[in-house]
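A closer look at the structure
Next come the chains, spelled out residue by residue.
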Amino acid sequence: MTVTQQLLTIAAIVLGTMVTRFLPFIIFPVGKPTPKYIQYLGKVLPSAVFSLLVIYCLRSVDPLSGSHGLPELISIVAVIALHLWKRQMLLSIAGGTVCYMFLVQMVF
């Protein structure tokens, strides 16, 4: 990439980031009530996204071969236990990832 292309790429990334950060505050100002469908989406989308991520991560697990999906199952249990214990999403995700990587690298 030339220097001009690099600068244009950086400018496009900065503009895209700023638009996604500021647009919600412009569309839904503080004094105006948030529409019901936006409130509904705010409630259901996080669960839907995480469900899709779980399905995507487990799509290639074959319980009939190799480790029979045990590292994945143990890691899922670890994520659930961590989340029920601390109720911190980042801790749950990081703990499950570390658990899975440990099991795959050292145990299975």
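Residues numbered from 1 in each chain as written. Predicted model: local features only at pLDDT ≥ 70, side-chain atom pairs only at ≥ 80, totals over all residues. Heavy atoms only, no water.

In this section: unusual backbone geometry. A positive phi angle, close to 60 degrees, is found at H68, a residue other than glycine. Among the structural elements, H68 can be located in the loop between α2 (36-58) and α3 (70-86). (Helix = DSSP H or I, 4+ residues; strand = E, 2+ residues; numbered from the N terminus.)

Helix length check: helix α1 (residues 3-27) (25 residues) gives 35 Å between terminal C-alpha atoms against 36 Å at 1.5 Å per residue, within 8%. Roughly 30 degrees is the biggest bend found in α1, and it falls at R21, with proline P24 one to four residues downstream. (Expected span 1.5 Å × (residues − 1). Bend = angle between axes of the 7 residues up to and from the residue.)

Turning our eyes to something else, we now look at the packing of aromatic side chains. Overall, the coordinates contain zero aromatic pairs when judged by the stated rule. Here the guanidinium or amino end of K86 rests over the ring plane of W85, the centre of that ring lying 4.6 Å away. (Phe/Tyr/Trp six-rings, centres within 6.5 Å; stacked < 30°, edge-to-face > 60°. Lys NZ or Arg CZ within 6 Å of the ring centre and 35° of its normal.)

On to the side chain of S92, then. Among the structural elements, S92 can be located in helix α4 (residues 89-107). Taking relative accessible area as the criterion, S92 reaches 3% and is therefore assigned buried. (Buried < 20%, exposed > 50% of the residue type's maximum accessible area, 1.4 Å probe, protein only.)

So, on to α4. Taking 1.5 Å as the rise per residue, α4 with 19 residues should run 27 Å; its terminal C-alpha atoms sit 26 Å apart, in good agreement. Those residues of α4 that sit buried are S92, G96, C99 and L103. Angularly, the buried residues of α4 cover 65 degrees about the axis, an arc narrow enough to put them on a single face. Turned more than 90 degrees from where α4 packs its buried face, L90, V98, Q105 and M106 sit exposed. For α4, the secondary structure elements touched by its buried residues are α3. (Arc of directions from axis to C-beta. Contact = heavy atoms within 4.5 Å.)

A separate point is the side chain of E72. Turning to its location among the elements, E72 is positioned in helix α3. Comment: no salt bridge for buried E72; closest opposite-charge side chain is R59, at 11 Å. (Lys, Arg positive; Asp, Glu negative; His and termini not counted. Salt bridge = Lys/Arg side-chain N within 4 Å of Asp/Glu carboxyl O.)

This part is about the confidence of the model for the protein chain. Overall, the predicted model of the protein chain reaches an average pLDDT of 93, with 100% of residues at or above 70. When pLDDT is averaged over each element of the protein chain, α1 comes out on top at 96 and α2 at the bottom at 92. (pLDDT = per-residue confidence, 0-100.)

Within the structure shown, the criterion is met by zero disulfides. Left without a disulfide partner, C57 is nearest to the cysteine sulfur of C99, which lies 14 Å away. On the basis of relative accessibility, which here comes to 52%, the residue C57 falls in the exposed class. (Disulfide = S-S within 2.5 Å.)

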